[in-house]
Amino acid sequence: MNEQSVTRGYAYAKEQYAAYGVDVEAAMEKADRIPVSMHCWQGDDVIGFDGGGALSGGIAATGNYPGRARTAQELRADIDFARTMIPGAVKLNLHASYADKHGRDIDRDAYTIAEFQEWADWAKGQGLGLDFNPTYFSHPRMDGDFTLSSLDKGTRDFWIEHGIRCREIGLEFARQLGQPCAVNYWMPDGYKDACADTKLRRDLMRESLDAIFAPDIDEELVPCGLESKLFGIGVESYTVASHEFSYGYAVKNRKLYTLDAGHFHPTEVISAKLTACLEFLDKVLLHVSRPVRWDSDHVVLLDDELQKIMDEIVLNGLEDRVLIGLDYFDASINRIACWTIGMRNSRKALLSACLAPAAIRQAERSGDWTTRLAVQEERKTLPLGAVWDYYCMTRGVDAGQDWLKRVKQYEADVLSKR
Ligand code: RNT
Ligand code: ZN
């Protein structure tokens, strides 16, 4: 983009926002600092490198666009490239299935930092923090769709050990990288068809989670979240770790609750749940995603719900209590564009939240709901795009659609040769 025209647009935007009492410079700085955790699994369709080769557990990446990362080296190179187009504070969210076993016969119940040292070294070199996830899917030790709530004790124990290992690895990441590592627990456990006993599996799941969280591991450095879900593909009728189960467990045991935007009934939105959950929890984790008719994990758009999520965080001063992460996986278009679009949209929505006129809330407080509605509507057409372009330009990241040309070039030079 032309630097002069971006600068001109910015000068105009600054004036427009100033008329609403908004300090644009301060808003850019604030939006820039809020961490967003970028999910590694968009780059390879959630397949991972520890042997599974295929995705299971009620989730599915659809499409077969060429260029999927086949090795950790390729995935890291793709992330490095994507990050040149993504402004603002970023963390990288890793799954245990991205372990590098170095040819050894080692399973998920025995992973240590050794299987992730390359990731930690790379993250350190990039100044990136890491978040982490045990992988309770795509593995032969799954008992159908059951893991921590399997009726078989040996199976449960295997997955309990995996859960503990991931807390230990998270602690190592936090120590090596000098920032907390959030560990998210999502288990696909459930039944495809109507079941007779809904209690037994939940009893087992609770016991297994208690065992995972029994070892004393600093929860400031390794906050752990429990992700609920409504249903999965092939697991439609009953989910062990449902909303009530996961939220209840988190509240009772002082864990985090993970809200995934695709894990609720179609008319429910997670933006509406944040301040309610935070009355009873210290922190929540977010999986910002986009369900289309089901938990389809489409690329995050700059839509009303994304804006509402970021508004809830920023306007309520919850930046330290809501850990933002993305979770989607589209294999039907360029995967690096998927990351770039979703990450840029998330940052754009954060910027818009930081630019929101205080007059809206002030009007509500004083009972002037006419002004509240009027300014809410005016806000929608304030020149966010001009501020965004300037923000990108001054952070050394492509403004406008300039990034797309570079993605196409990378596709021609690198991805198409895979
Ligand atoms: C699945 C959950 C879970 C996964 C990732 C890969 O429905 O959303 O968070 O998408 O852990
Ligand atoms: Zn999720």
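Notes on the structure follow.

### A word on the overall build of the chain
Working step 1: When you go through the chain residue by residue, the secondary structure sums to 14 helices and twelve strands.
Working step 2: Since a compact globule built from 418 residues should have a radius of gyration of about 22 Å, the 22 Å found for the chain is in line with a globular shape.
Working step 3: On the principal axes, the C-alpha backbone points of the chain span a range of 65 × 55 × 40 Å.
Working step 4: Out of the 418 residues belonging to the chain, those deemed buried represent 54%.
Working step 5: Long-range pairs, those at least 24 residues apart, make up 79% of the contacts in the chain with a sequence separation of at least 6.
Working step 6: Per element, the accessible surface of the chain, about 17700 Å² overall, is 51% carbon and sulfur.

### Description of helix α2 (residues 24-33)
Working step 1: By the burial criterion, the buried members of α2 are Val24, Ala27, Met28 and Ala31. Projected down its long axis, α2 shows its buried positions confined to an angular sector of 100 degrees, all on one face.
Working step 2: Residues of α2 that are buried in the fold lie against α1 (3-18), α10 (335-354) and α13 (384-394).
Working step 3: You can read the cap of α2 off the contacts: a side-chain oxygen lies 3.1 Å from the backbone nitrogen of Glu25, and it is on Asp23.

### Things to note about the coordination of the zinc ion (ligand 2)
Ideal donor angles around a metal are set by the shape: a four-donor tetrahedron calls for 109.5 degrees, a six-donor octahedron for 90 or 180 degrees.
Working step 1: Protein-derived coordination of the zinc ion (ligand 2) comes from Glu227 (OE), Asp260 (OD), His287 (ND1) and Asp327 (OD), at a distance range of 2.1 Å.
Working step 2: In this structure, the zinc ion (ligand 2) is coordinated by six donor atoms arranged in octahedral fashion, with angles at the metal of 72 to 169 degrees.
Working step 3: Mapping the donors of the zinc ion (ligand 2) onto the primary sequence yields the spacing E-x32-D-x26-H-x39-D. Note that Glu227 is positioned in strand β6 (residues 224-227) and His287 in strand β9 (residues 284-288), a separation of 60 residues in sequence.
Working step 4: Residue class for Glu227 comes out buried when judged on its relative accessible area of 3%.

### A short note on the nonpolar core
Nonpolar side chains in soluble globular proteins tend to be buried together.
Working step 1: The biggest cluster of nonpolar side chains holds 126 residues, and the ones touching the most others in it are Leu92, Phe116, Trp119, Phe132, Phe173, Tyr185 and Leu209.
Working step 2: Excluding anything up to four places from it in sequence, Phe116 contacts Leu94, His95, Ala96, Tyr98, Ala99, Tyr111, Phe132, Ile169 and Phe173.

### Re helix α6 (residues 199-213)
Working step 1: In this model α6 runs 21 Å from its N-terminal to its C-terminal C-alpha over 15 residues, within 8% of the 21 Å that 1.5 Å per residue would give.
Working step 2: Where the residues of α6 are buried, they touch α5 (153-177), β4 (183-185), β5 (190-191), β6, β7 (238-239) and α7 (243-253).

### Details of the side chain of Asp327
Working step 1: Note that Asp327 resides in the loop between β12 (322-326) and α10.
Working step 2: The buried charged residue Asp327 lacks any salt bridge, with Lys229 as its nearest oppositely charged partner at 7.8 Å.
Working step 3: Of the polar contacts made by the side chain of Asp327, one reaches the side chain of His287; its length is 3.1 Å.
Working step 4: Residues in contact with Asp327, not counting those within four places in the same chain, are His39, Trp41, Glu227, Asp260, His287, Val288, Ser289 and Asp297.

### Description of the pairing of strand β11 (residues 294-298)
Side chains on a regular strand alternate between the two faces of the sheet.
Working step 1: Where strand β10 (residues 290-292) meets β11, two bridges bridge the pair, whose relative direction is antiparallel. Each bridged residue has a counterpart across the sheet, and for Val292 the counterpart in β11 is Trp294.
Working step 2: The hairpin turn running from β10 into β11, its antiparallel successor, is one residue long, and Arg293 in that turn takes a positive phi close to 70 degrees.

### Section: the side chain of Ser228
Working step 1: On the secondary structure map, Ser228 appears in the loop between β6 and β7.
Working step 2: A residue is classified by how much of its surface remains accessible, and Ser228, at 0% relative accessible area, is buried.
Working step 3: In this structure the side chain of Ser228 is engaged in a polar contact, spanning 2.7 Å, whose partner is the side chain of Tyr257.
Working step 4: Those residues in contact with Ser228, other than ones at most four positions away along the chain, are Ala241, Ser242, His243, Ser246, Tyr257, Thr258, His263 and Phe264.

### Some thoughts on the packing of helix α3 (residues 72-83) against helix α14 (residues 402-413)
Working step 1: Where α3 meets α14, the axes come as close as 11 Å, and the angle between the chain directions of the two elements is 160 degrees. Comparing the axis directions of α3 and α14 gives the class roughly antiparallel. Crossing geometry of α3 relative to α14 is assigned as right-handed. From α3, Ala77, Asp78 and Phe81 reach across to α14, where they touch Arg406, Val407 and Tyr410.
Working step 2: Residues that form the contact of α3 with α14 fall into these classes: four nonpolar, no polar and two charged.

### Observations concerning the environment of Asp304
Working step 1: You can see Asp304 is positioned in helix α9 (residues 304-315).
Working step 2: In sequence terms Asp304 and Thr239 are 65 residues apart; their C-alpha atoms lie 29 Å from each other.

### Quick word on the pairing of strand β8 (residues 256-260)
Working step 1: With five of its five residues buried, β8 lies for the most part within the structure.
Working step 2: Because side chains alternate across β8, one face comprises the buried residues Leu256, Thr258 and Asp260, and the other comprises Tyr257 and Leu259, equally buried.
Working step 3: Relative to β8, β6 runs parallel, the two being bridged by three bridges. Looking at β8, one finds that Leu226 is bridged to Tyr257.
Working step 4: For β8 and β9, the ladder comprises four bridges, and the chain directions are parallel. Bridged to Tyr257 within β9 is Val284.

Parameters at a glance
Residues numbered from 1 in each chain as written. Chains lettered and ligands numbered in written order. Predicted model: local features only at pLDDT ≥ 70, side-chain atom pairs only at ≥ 80, totals over all residues. Heavy atoms only, no water. Helix = DSSP H or I, 4+ residues; strand = E, 2+ residues; numbered from the N terminus. Rg over C-alpha atoms; globule rule 2.2 N^0.38 Å. Buried < 20%, exposed > 50% of the residue type's maximum accessible area, 1.4 Å probe, protein only. Contact = heavy atoms within 4.5 Å. Areas by Shrake-Rupley, 256 points an atom, 1.4 Å probe, with all protein chains shown as cover. Arc of directions from axis to C-beta. Polar contact = N/O pair within 3.5 Å; in protein donor to acceptor, adjacent residues only side chain to side chain. Donors = N, O, S within 2.8 Å, 3.2 Å for Na, K, Ca; no water. Tetrahedral: all angles 85-135°; square planar, octahedral: opposite > 155°, others 65-115°. Core = buried A, V, L, I, M, F, W, Y, C linked by side-chain atoms within 4.5 Å. Expected span 1.5 Å × (residues − 1). Lys, Arg positive; Asp, Glu negative; His and termini not counted. Salt bridge = Lys/Arg side-chain N within 4 Å of Asp/Glu carboxyl O. Pairing = 2+ DSSP bridges. Axes fitted to C-alpha atoms, helices over the stretch in contact; angles between N-to-C directions. Parallel < 35°, antiparallel > 145°, perpendicular 65-115°, else oblique. Left-handed = near helix turned anticlockwise from the far one by under 90°. Nonpolar A, V, L, I, M, F, W, Y, C, P; charged D, E, K, R; others polar.

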